[in-house]
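# Observations on the model geometry
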Amino acid sequence: MKTLLRYLFPLRATPRNSSLNSRLTAAATENHSGVAVAPKMRSWSAGDLARDWFDRMPRRCLFFVGVSLFGVTSLLAAAPGTVEKWSVFELELKGPADGNPFVDVHVGATFTNGKATVAVPGFYDGDGIYRVRFMPDATGEWHYETTSNRWALTGKTGGFTVTPATKGNHGPVRVHNTFHFAYADGTPFKLIGTTIYNWLDTPEAWQELTLKTLASSPFNKARMLLLPQQNSFRKEFAPPRWPYAGKPPQDWDFTRFNPDYFQHYEKRIAQLRDLGIEADVILFNPYGKPWGFDSLDAAADERYLRYVVARFSAYRNVWWSIANEFDFLRTKTMADWDRYFQIVQSADPYDHLRSIHNGALIYDQNKPWVTHVSIQNGAAVEEPGRAEMYRDVYRKPVVYDEVKYEGDSTFRWGNLSAQEMVHRFWCGTVAGTYVGHGDYFHAENADTWTSFGGELSGQSEPRLAFLKKILDESPPEGLDPIDKWQDVETAGQPGSYYLTYFGKATPATWTFQLYKNGVADGQKYSVEIIDTWAMTITPVAGEFVAKKLDSYHFVDVNNRSVTLPGKPGIALRVRRLGADGQPVKTELPTD
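## A few points about the side chain of D201
With respect to the element layout, D201 can be found in the loop between β12 (193-195) and α6 (204-215). Buried and unpaired, D201 has R241 as its nearest opposite-charge partner, separated by 7.4 Å. In this structure, D201 is in contact with P228, Q229, F233, F237, A238, P239 and P240, ignoring residues within four places of it in sequence.

## Observations concerning the pattern of salt bridges
Within this structure, the stated rule accounts for 35 salt bridges. K221 is paired through a salt bridge with D401; the nearest N and O atoms lie 2.9 Å apart. Taken together, the positions of K221 in strand β13 (residues 221-225) and D401 in strand β20 (residues 398-402) put the pair 180 residues apart, joining distant regions of the chain. Note that D301 and K332 form a salt bridge whose closest N and O atoms lie 2.7 Å from each other. One end of the pair, D301, is in helix α8 (residues 298-312); the other, K332, is in the loop between β17 (318-323) and α9 (334-347), and 31 residues separate them in sequence. In terms of burial, D301 and K332 fall into one category: buried. Through salt bridges with shared partners, a single ionic network connects E90, E92, D125, R131, R133, E266 and R311.

## With respect to the sheet that holds β13
Within the open sheet, the eight strands sit side by side as β18-β17-β16-β13-β12-β22-β20-β19. Their pairing is parallel. If you trace the sheet from one side to the other, it starts and ends with β18 (354-355) and β19 (373-376), each paired once. As judged from the five bridges shared by strand β16 (residues 278-284) and β17, these two strands associate in the parallel manner. In the sheet register, I282 faces β17, and the bridge partner there is S321. The sheet strands contacting α9 are β16, β17 and β18, and the helix crosses β17 at an angle near 160°.

## A few points about unusual backbone geometry
Outside of glycine, negative phi angles account for most residues, and trans bonds account for most peptide bonds. Residue P248 is joined to P249 through a cis peptide bond whose omega torsion reads 5°. Relative to the helices and strands, P249 is located in the loop between β14 (244-247) and β15 (251-257). Even without being glycine, T178 reaches a positive phi, approximately 70°. Inspection of the secondary structure puts T178 in the loop between β10 (173-176) and β11 (180-183). Given a relative accessible area of 35%, T178 falls into the partly exposed group. Although it is not a glycine, K235 sits at a positive phi angle of roughly 60°. Positionally, K235 belongs in the loop between β13 and β14.

## Quick word on the confidence of the model for the protein
Summary statistics for the protein give a mean pLDDT of 88 and a share of 85% for residues scoring 70 or more. Of the regions scoring below 50 in pLDDT, residues 1-30 engages in 68 contacts with residues more than four places distant in sequence or in other chains.

## A word on α6
For α6, which comprises 12 residues, the first-to-last C-alpha distance of 17 Å matches the rise-based estimate of 16 Å (1.5 Å per residue) to within 8%. Along α6, the residues that are buried comprise W206, Q207, T210, L211, T213 and L214. Along the axis of α6, the buried positions cluster into a sector of 160°, meaning they face one direction only. Looking at α6, the residues exposed on the side facing more than 90 degrees away from the buried face are A205 and K212. Elements in contact with the buried residues of α6: β12, α7 (259-274) and α12 (449-452).

## Re the environment of G385
As for its placement among the helices and strands, G385 is situated in helix α10 (residues 384-394). Accessibility expressed as a relative area gives 17% for G385, which makes it buried. Separated by 99 residues in the primary sequence, G385 and K484 place their C-alpha atoms 7.5 Å from one another.

## A short note on the pairing of β17
Of all six residues in β17, six are buried; the element is thus mostly enclosed. Regarding topology, α8 serves as the crossover connection from β16 to the parallel β17, and that connection is right-handed. Pairing geometry for β17 and β18, over two bridges, is parallel. Counterpart to W320 in the pairing with β18 is R354. Read from β17 through α9 to β18, the crossover connection turns out right-handed.

## Things to note about the packing of α7 against α8
One way to put it is that α7 packs onto α8 with a least axis distance of 11 Å and a crossing angle of 45°. Considered as vectors, α7 and α8 are oriented oblique to each other. For the crossing formed where α7 meets α8, the hand is right-handed. On the side of α7, the interface is formed by P259, F262, Q263, Y265, E266 and I269, while α8 contributes Y307, V308, R311 and F312. Split by residue class, the contact of α7 with α8 holds seven nonpolar, one polar and two charged.

Rules behind the numbers
- Residues numbered from 1 in each chain as written.
- Predicted model: local features only at pLDDT ≥ 70, side-chain atom pairs only at ≥ 80, totals over all residues.
- Heavy atoms only, no water.
- Helix = DSSP H or I, 4+ residues; strand = E, 2+ residues; numbered from the N terminus.
- Buried < 20%, exposed > 50% of the residue type's maximum accessible area, 1.4 Å probe, protein only.
- Lys, Arg positive; Asp, Glu negative; His and termini not counted.
- Salt bridge = Lys/Arg side-chain N within 4 Å of Asp/Glu carboxyl O.
- Contact = heavy atoms within 4.5 Å.
- Pairing = 2+ DSSP bridges.
- Axes fitted to C-alpha atoms, helices over the stretch in contact; angles between N-to-C directions.
- pLDDT = per-residue confidence, 0-100.
- Expected span 1.5 Å × (residues − 1).
- Arc of directions from axis to C-beta.
- Right-handed = clockwise from strand over helix to strand, strands pointing away.
- Parallel < 35°, antiparallel > 145°, perpendicular 65-115°, else oblique.
- Left-handed = near helix turned anticlockwise from the far one by under 90°.
- Nonpolar A, V, L, I, M, F, W, Y, C, P; charged D, E, K, R; others polar.

Printed below as a string of structure tokens:
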């Protein structure tokens with residue numbers, strides 16, 4: 001019967017009958033997550049199908065048409081639409097719901113614009129619905145064809161138009177200039193991150209409060225667990241959703257995902273995207289032992305990873321953190337972590353950033369599937385010279401995602417003062433690296449920001465916003481150490497921009513002096529004094545004119561010095577002036 005039906009009714013994306021085509025919606029709609037969804041074709045009746053194919057059906061086959069059409073499974077197909085560049089185009093297909101679709105059914109699609117071809121995995125979303133999500137990286141006309149091991153899902157073709165990216169959409173973040181980051185359109189990404197591990201395991205109102213807090217913060221990356229940990233919000237609110245079918249603590253069917261869990265998570269990913277925040281999704285963690293999610297076998301781990309990548313990878317703001325404190329997850333081996341990296345890398349059509357966070361043991365960050373270095377090491381950013389050393393070892397962007405937390409905890413990793421948190425950010429900055437924030441205050445009737453989000457309690461956040469503004473005005477190439485083995489306090493770009501941080505030292509004066517690279521006699525510079533705690537920038541009167549001093553340095557032609565406040569937390573910004581008397585600027589090319 002299946003062979004006969006394939007002969008009589010070959011699968012097509014749309015009927016040739018113009019009257020049926022006129023019933024299709026041409027424009028894409030948008031769902032609650034801001035995903036451009038290809039419009040659904042209505043379920044065709046036997047009469048519709050018969051009329052559509054009647055004019056090309058051999059007369060001798062009409063008897064079989066009348067007998068067989070009523071056994072054809074109804075389909076949901078897609079019509080052409082539009083989607084913004086680097087946004088999510090989604091195909092929704094109706095398919096089999098019997099058996100176990102998470103294991104038994106495979107679906108995907110190939111997308112092409114004539115120049116590039118991208119194979120994209122799909123996933124089962126429950127209730128007989130299958131989805132394929134695609135993030136186009138070029139404007140113009142794109143076409144697709146679905147593939148599956150089920151006839152109801154394979155061979156669907158169609159097309160859509162990709163429009164230019166709108167304001168605020170710069171594409172996914174990539175590694176730039178070896179040690180730094182930039183969006184796909186070339187816009188620099190100056191990272192100021194925070195951690196909110198379990199914010200999606202809280203009541204809805206608390207999650208909305210977290211989003212409100214983030215919206216007014218300087219943070220542009222948030223680290224968050226995908227799998228729940230064992231501690232409940234306020235020690236009374238159990239997670240509202242679970243990733244697998246079943247019930248806690250360990251009555252799970254690890255072959256069946258709970259679509260509602262992932263639908264909610266991706267809704268929040270989309271909301272972070274709309275706030276301009278990267279979602280650093282932590283795939284594994286050692287904190288959920290009661291649930292058994294840390295003890296799955298190899299097949300279940302791979303099924304989980306592929307399902308998550310298929311669901312989330314089309315969101316441009318996703319980063320993959322393979323694990324948090326990976327070495328504390330004793331059920332996995334180093335070979336397992338290598339394999340997880342490779343699975344994610346091979347399954348992700350868009351090559352999102354990938355890292356892994358350490359406890360006591362640092363993963364080999366030189367492995368090719370690691371895009372940037374994620375480090376837990378507070379001591380490394382107590383002074384800039386230590387922080388810089390990881391750059392030389394790995395030659396990749398270094399992100400100190402955890403440097404201990406500002407807080408009032410009895411644990412030594414959660415009781416930094418605000419001044420110390422700000423100090424560590426500045427040390428990491430002039431080392432040419434990036435630093436992550438944590439807020440671990442136990443507020444009344446709440447929980448800590450780092451654990452569950454909500455509201456910030458510490459005093460470092462406005463000072464980090466101040467730093468973020470300075471970074472946004474810094475060279476697009478990034479800040480690199482200027483003379484790293486002699487002057488660990490200064491970063492910038494030679495001959496144009498210098499940022500010096502004196503840390504806990506309290507100098508009373510600074511003699512104008514620049515390392516030789518990029519500097520020439522007669523160049524003019526401005527100097528500003530930055531108070532990193534008071535959040536002030538004070539210009540120094542007049543211009544400084546460079547004159548060669550010796551084989552290594554240039555000084556001011558009049559040997560000028562700068563008087564400093566003589567207190568901790570002072571920095572200097574030195575910028576070369578152009579012919580117009582304004583600081584010179586360089587721009588990165590864009591597409």
